[in-house]
Amino acid sequence: MDFCLFCSIIDGSIPSAKVYEDEYVYAFRDINPQAPVHVLVVPKTHISNTNELNAENSVLVAKCFEAIPVIAAQEGLTNGYRVINNCGEDGGQTVKHLHFHILGGKKLSEQMV
Ligand code: 5GP
Ligand code: ZN
């Protein structure tokens, strides 16, 4: 497989600010935060994006979403937050390893969804 930035973050060869980790999921602060809290939640197994999901690997999405409320509580997002996934060119995906953005810590714009 070609170099993957998030696989390198997961294996520790590129440093990150970890906020959560379990057997299946790693979560860390976005390097260019778009909100006071901006965390990226990624499966430890490489999946390029949502187009690569299937019956065999979709459990990893469930594992990410099980981690999200734990992370939200840890980050003090008691008043809500937004979860975003970008897929492909038109979706604005820049890192080709499936990830979910958790954005919160302020009232977010209602312009996009
Ligand atoms: P995408 O645009 O693919 O949905 O999101 C990729 C995210 O990864 C962006 O929000 C970007 O700021 C973040 N990012 C890119 N490179 C790094 C990095 O080296 N470290 C961290 N922590 N975040 C990164
Ligand atoms: Zn990867």
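Residues numbered from 1 in each chain as written. Chains lettered and ligands numbered in written order. Predicted model: local features only at pLDDT ≥ 70, side-chain atom pairs only at ≥ 80, totals over all residues. Heavy atoms only, no water.

A.B. asks: Now, about the environment of G88: what can you tell me, with residues and values included?
C.D. replies: Tracing the backbone through its elements, the reader meets G88 in helix 3 (residues 88-91). For G88, a relative accessible area of 22% puts it in the partly exposed group. Distance from G88 to E56, taken between C-alpha atoms, is 21 Å for residues 32 residues apart in sequence. Excluding residues within four positions of it along the chain, G88 makes contact with N49 and Q93. (Helix = DSSP H or I, 4+ residues; strand = E, 2+ residues; numbered from the N terminus. Buried < 20%, exposed > 50% of the residue type's maximum accessible area, 1.4 Å probe, protein only. Contact = heavy atoms within 4.5 Å.)

A.B. asks: Can you break down the coordination of the zinc ion (ligand 2) residue by residue, with the values?
C.D. replies: Those protein atoms acting as donors to the zinc ion (ligand 2) are C4 (SG), C7 (SG), H46 (ND1) and H97 (ND1), and they sit at 2.1 to 2.3 Å. Going along the chain, you hit the donors of the zinc ion (ligand 2) in the pattern C-x2-C-x38-H-x50-H. Here H46 is found in the loop between strand 3 (37-43) and helix 2 (59-74), whereas its partner H97 is found in the loop between helix 3 and strand 5 (100-104), with 51 residues between them in sequence. (Donors = N, O, S within 2.8 Å, 3.2 Å for Na, K, Ca; no water.)

A.B. asks: Any details on helix 2? Residues and values, ideally.
C.D. replies: Its 16 residues give helix 2 an end-to-end C-alpha distance of 23 Å, which sits within 8% of 22 Å, the value for a rise of 1.5 Å per residue. On its buried face, helix 2 sits against strand 1 (18-21), strand 2 (25-29), strand 3, strand 4 (81-84) and strand 5. (Expected span 1.5 Å × (residues − 1).)

A.B. asks: A description of the packing of aromatic side chains should follow, citing residues and the corresponding values.
C.D. replies: In the structure shown here, the tally under the stated rule is 3 aromatic pairs. With a centroid separation of 5.3 Å and 80 degrees between ring planes, the pair formed by F6 and F28 is classed as edge-to-face. A residue pair is termed long-range when its members are at least 10 positions apart, and F6 in helix 1 (residues 5-10) and F28 in strand 2 qualify at 22 residues. The residues F6 and F28 share a single accessibility class, namely buried. Between Y26 and F28 the ring centres are 5.8 Å apart and the planes differ by 35 degrees, which places this aromatic pair in the tilted class. What makes Y26 buried here is its relative accessible area of 7%. For F28, a relative accessible area of 3% translates into the label buried. A network of ring pairs unites the aromatic residues F6, Y26 and F28 as a single cluster. (Phe/Tyr/Trp six-rings, centres within 6.5 Å; stacked < 30°, edge-to-face > 60°.)

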